[in-house]
Amino acid sequence: PFVMMSLFVGSMGGAASGILASSGKSEGLAAKFPFGPFLALGGAVTAIVGPELMTWYFGLVGLT
């Protein structure tokens, strides 16, 4: 379950960063970003606060 959480957190971080970066540059949606650093960040966040994050998210969506 923590692998999926790492992927989810990395994807959300990459999406948020891409939206913010593409709105400010003249390149717009043509800008390219490496995805690996966001996956590494998602893995680090999951390793540090994974169980707490999972408990919070499951409570948010009503699965607990």
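The structure reproduced in this document is the subject of the present report. (Residues numbered from 1 in each chain as written. Predicted model: local features only at pLDDT ≥ 70, side-chain atom pairs only at ≥ 80, totals over all residues. Heavy atoms only, no water.)

Here we come to the packing of aromatic side chains. For any pair of aromatic rings, the description rests on two quantities: the centre-to-centre distance and the angle between the ring planes. A complete count under the given rule lists two aromatic pairs for this structure. Considering the side-chain rings of Phe8 and Tyr57, the 6.0 Å spacing of their centres and the 45 degrees angle between planes classify their relative orientation as tilted. Highlighted residues: Phe8 in helix α1 (residues 2-24) and Tyr57 in helix α2 (residues 36-61), separated in sequence by 49 residues. Look at Phe8 and you get partly exposed, because its relative accessible area is 44%. Residue classification places Tyr57 among the partly exposed residues on the basis of a relative accessible area of 38%. On the basis of an interplanar angle of 45 degrees and a centroid distance of 6.4 Å, the ring pair of Tyr57 and Phe58 is categorised as tilted. Through pairs of rings, three or more aromatic residues link up here, namely Phe8, Tyr57 and Phe58. (Phe/Tyr/Trp six-rings, centres within 6.5 Å; stacked < 30°, edge-to-face > 60°. Helix = DSSP H or I, 4+ residues; strand = E, 2+ residues; numbered from the N terminus. Buried < 20%, exposed > 50% of the residue type's maximum accessible area, 1.4 Å probe, protein only.)

With that settled, the discussion passes to α1. Under the 1.5 Å per step criterion, the end-to-end length of α1 is 33 Å for 23 residues, consistent within 8% with the ideal 33 Å. Among all positions in α1, only Met5, Ser6, Gly10, Gly14, Gly18 and Ser22 are buried. (Expected span 1.5 Å × (residues − 1).)

Turning our attention to a nonpolar patch on the surface. A cluster of nonpolar side chains, namely Phe8, Met12, Trp56, Tyr57, Phe58, Leu60, Val61 and Leu63, defines an oily patch on the protein surface of about 850 Å² accessible area. Elements represented by at least two residues in the nonpolar patch include exactly α1 and α2. Among the elements that make up the nonpolar patch, the one with the highest residue count is α2 (five residues). Secondary-structure assignment places Leu60 in helix α2. A residue is classified by how much of its surface remains accessible, and Leu60, at 57% relative accessible area, is exposed. (Patch = residues over 30% accessible without salt bridge, like charges linked within 9 Å, V, L, I, M, F, W, Y side chains within 5 Å. Areas by Shrake-Rupley, 256 points an atom, 1.4 Å probe, with all protein chains shown as cover. Salt bridge = Lys/Arg side-chain N within 4 Å of Asp/Glu carboxyl O.)

Bringing α2 into the picture now. Compared with the 38 Å implied by 1.5 Å per residue over 26 residues, the 28 Å span of α2 between its first and last C-alpha is markedly short. Residue Val49 marks the point of greatest curvature in α2, where the axis turns by about 85 degrees; the proline Pro51 follows within four residues. The set of residues buried in α2 consists of Phe38, Gly42, Thr46, Gly50 and Met54. On its buried face, α2 sits against α1. Phi for Gly62, located one or two positions after α2, is positive at around 80 degrees. (Bend = angle between axes of the 7 residues up to and from the residue. Contact = heavy atoms within 4.5 Å.)

Note that all results are geometric; they support no functional claim without further evidence.
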